[in-house]
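Fold and geometry: a report
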Amino acid sequence: QVQLVESGGGRVQAGGSLRLSCAASGRTFSIYAMGWYRQAPGKEREFVAALTGSGSSTYYADSVQGRFTISRDNAKNTWYLQMNSLKPEDTAVYYCAAGGSIRFTRDENAYWGQGTQVTVSS
């Protein structure tokens, strides 16, 4: 099993920045892909960003491309989502995910964090 614990959410004004962290513990050697999703009130969970392997391959949703950066620290078994130029539409609960591929929502063996709230005010 793998346990994921997120931190770093909060409230920020539009144009501001936040950095989310996701710390993994347990059978972390089984993790190949790490990612972030978000879910706004009344909406479905949507993909935000992901990376695989050593972090050389990264993927972003069009809505966050150029503003968000995903990275990892192997020594700490932690990955991050640096969010810059935040917009009110980025308001959501953000979830980290880990698994064997970036298709987290289709992987019954994927692991999910508990979620952290990000609120961007205008």
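First, a word on scope: everything that follows refers to the structure included in this document. (Residues numbered from 1 in each chain as written. Predicted model: local features only at pLDDT ≥ 70, side-chain atom pairs only at ≥ 80, totals over all residues. Heavy atoms only, no water.)

**Looking at the environment of T78**
Locating T78 in the fold gives a position in strand β8 (residues 78-83). Take T78: its relative accessible area is 9%, and that puts it in the buried class. Each C-alpha atom of the pair T78 and E46 lies 21 Å from the other, and the pair is 32 residues apart in sequence. When sequence neighbours within four positions are dropped, the list of residues in contact with T78 reads S21, C22, A23, R72 and D73. In terms of polar contacts, T78 uses its side chain to reach the backbone carbonyl oxygen of K76, at 2.8 Å. (Helix = DSSP H or I, 4+ residues; strand = E, 2+ residues; numbered from the N terminus. Buried < 20%, exposed > 50% of the residue type's maximum accessible area, 1.4 Å probe, protein only. Contact = heavy atoms within 4.5 Å. Polar contact = N/O pair within 3.5 Å; in protein donor to acceptor, adjacent residues only side chain to side chain.)

**Some thoughts on the packing of aromatic side chains**
According to the stated counting rule, one finds 3 aromatic pairs in the structure shown. For the pair Y37 and F47, a centre-to-centre distance of 5.7 Å together with 80 degrees between the ring planes defines the contact as edge-to-face. Of this pair, Y37 sits in strand β4 (residues 33-39) while F47 is found in strand β5 (residues 46-52), placing the two residues 10 residues apart along the sequence. Seen in terms of ring centroids, Y37 and W112 are 5.1 Å apart; in terms of plane orientation they differ by 70 degrees. Their pairing is edge-to-face. Of the two residues, Y37 is situated in strand β4 and W112 in strand β10 (residues 111-112); the sequence distance between them amounts to 75 residues. The exposure class of W112 is partly exposed, given its relative accessible area of 29%. Here the aromatic residues Y37, F47, F104 and W112 are joined through ring pairs into a cluster of three or more. The ring of W112 is capped by R45, whose NZ or CZ atom sits 4.8 Å from the centre of that ring. (Phe/Tyr/Trp six-rings, centres within 6.5 Å; stacked < 30°, edge-to-face > 60°. Lys NZ or Arg CZ within 6 Å of the ring centre and 35° of its normal.)

**Structural notes on the nonpolar core**
Core analysis: the largest hydrophobic core is formed by 29 residues, its most contacted members being W36, W79, L81, M83 and Y94. Contributions of two or more residues to this core are made by β1 (2-7), β3 (18-26), β4, β5, β7 (68-73), β8, β9 (92-99) and β11 (116-121). Judged by nonpolar contacts, the second largest core, of 6 residues, contains A33, A97, F104 and A110. (Core = buried A, V, L, I, M, F, W, Y, C linked by side-chain atoms within 4.5 Å.)

**Here's the deal with the side chain of T116**
If you trace the backbone, T116 turns up in strand β11. Note on T116: relative accessible area 12%, which makes it buried. One polar contact links the side chain of T116 to the main-chain amide nitrogen of G9, over a distance of 3.3 Å. Beyond its immediate chain neighbours, meaning those up to four positions away, T116 contacts E6, G9, L20, A92, V93 and Y94.

**A closer look at the sheet that holds β7**
In space, the 4 strands of this open sheet follow the order β1-β3-β8-β7, with antiparallel pairing throughout. Two strands bound the open sheet, and with one partner strand each, they are β1 and β7. When the angles between neighbouring strand axes are averaged without regard to direction, this sheet yields 15 degrees. (Pairing = 2+ DSSP bridges. Axes fitted to C-alpha atoms, helices over the stretch in contact; angles between N-to-C directions.)

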